[in-house]
Amino acid sequence: MAIVINGKEVAAKVKEEVKEEVKLLNANGIEVGLAVIIVGDNPASRVYVNNKKKDCEEVGIHSYEYALSDDTTQSELLDLIKKLNNDKNVNGILVQLPLPKQLDEKEVLNAIDPNKDVDAFHPVNVGKIMIGDYSFLPCTPAGVMELIHSANIDVSGKHCVVIGRSNIVGKPMSLLLLHEHGTVTICHSRTKNISEITKQADILVAAVGIEKFVTADMVKDGAVVIDVGMNKNAEGKLCGDVDYLSVSEKASYITPVPGGVGPMTRAILLRNTLTAAKIQ
Ligand code: GUN
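A brief structural summary. All values reported here derive from a predicted model rather than from experimental measurement. (Residues numbered from 1 in each chain as written. Predicted model: local features only at pLDDT ≥ 70, side-chain atom pairs only at ≥ 80, totals over all residues. Heavy atoms only, no water.)

**A closer look at the side chain of D55**
When you line up the elements, D55 lands in helix α2 (residues 43–59). Apart from residues no more than four positions distant in its own chain, D55 is found in contact with K15, R266 and L270. (Helix = DSSP H or I, 4+ residues; strand = E, 2+ residues; numbered from the N terminus. Contact = heavy atoms within 4.5 Å.)

Put into structure tokens, the structure is as follows:
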């Protein structure tokens with residue numbers, strides 16, 4: 001039976017550390033601020049943004065929300081980002097994704113000052129991650145690494161299989177595992193015989209976006225299984241990419257959903273905002 005890696009506990013520790021450091025900065029007359037831009041009324045995005053606001057409050061970071069209407073134009077959004085890039089009260093800028101269709105996501109992310117890019121989505125930060133010389137790491141992959149470290153799991157020499165190749169999770173996740181000397185395989189929708197590959201994993205990271213995609217027969221005995229999935233099941237309940245009950249019989253460590261990677265993503269955003277304030 002797998003040991004459950006408790007993301008809530010690890011996240012609480014990260015938040016406590018951030019809170020203490022924010023206090024220290026405050027004592028030196030420095031305030032920390034995060035601007036969050038949300039465009040339109042995507043219900044999931046609204047929940048995420050509300051959570052971010054709450055998290056900021058808990059650790060003493062000022063949050064500034066910019067809720068723009070669904071029909072916002074590219075130039076309106078770019079003007080706002082330009083303004084926030086020059087705003088001394090704003091240390092971090094986050095544009096909640098996805099954006100409505102009329103907006104060019106790539107151009108929007110490129111407009112954010114790389115020193116305020118707390119998502120680490122700007123090409124400059126992506127490039128820095130590639131060469132292992134970074135200020136910010138994207139929140140979810142960085143959170144996964146924290147969870148792995150919290151359980152004292154050594155990545156070096158392990159076969160790490162990442163399912164998913166998104167710019168937000170799969171690709172940077174693979175690089176972080178590689179930086180820690182894992183042997184990394186990336187699987188995706190065109191991968192043939194996927195279970196033959198996942199069965200070789202010492203560390204399996206699922207970032208697919210499909211409920212119960214990873215079943216017990218795809219997992220090696222004693223594997224570490226990290227579930228990045230945030231899916232809604234038929235009853236509207238949050239669930240991961242991993243068939244938790246059966247896989248936890250086989251794995252050595254497993255992260256639950258909810259209470260695994262999700263809280264870590266939120267905590268790392270706060271840490272990135274603190275880092276941004278320190279850089280500036
Ligand atoms: N939408 C889903 N995940 C993310 C994320 O990590 N950052 C941003 N900005 N938007 C998202």
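**Observations regarding the site of the ligand**
The ligand sits among L94, V95, Q96, L97, D119 and F121. Within the backbone of V95, an N or O atom sits 2.8 Å from a nitrogen atom of the ligand. Between the ligand and L97, the relevant distance is 2.9 Å, taken from a nitrogen atom to a main-chain nitrogen or oxygen of the residue. Burial of the ligand by the surrounding chains reaches 78%, relative to a free accessible area of 280 Å². Class assignment for the residues of the shell around the ligand results in four nonpolar, one polar and one charged. (Near = heavy atom within 4 Å. Polar contact = N/O pair within 3.5 Å; in protein donor to acceptor, adjacent residues only side chain to side chain. Areas by Shrake-Rupley, 256 points an atom, 1.4 Å probe, with all protein chains shown as cover. Nonpolar A, V, L, I, M, F, W, Y, C, P; charged D, E, K, R; others polar.)

**A closer look at the sheet that holds strand β2 (residues 33–39)**
One open sheet accounts for three strands, arranged β3-β2-β4; its pairing is parallel. Of all the strands in the sheet, just β3 (62–68) and β4 (92–95) have a single pairing partner and so form its edges. Going from strand to strand, the sheet's axes swing by 15° on average, the running direction of each strand aside. Bridge count for β2 against β4 is four bridges, and the pairing is parallel. Its bridge partner lying in β4, V36 is registered against L94. Across the sheet, helix α3 (residues 74–85) lies against β2, β3 and β4, angled at about 180° from β2, the strand it touches most. (Pairing = 2+ DSSP bridges. Axes fitted to C-alpha atoms, helices over the stretch in contact; angles between N-to-C directions.)

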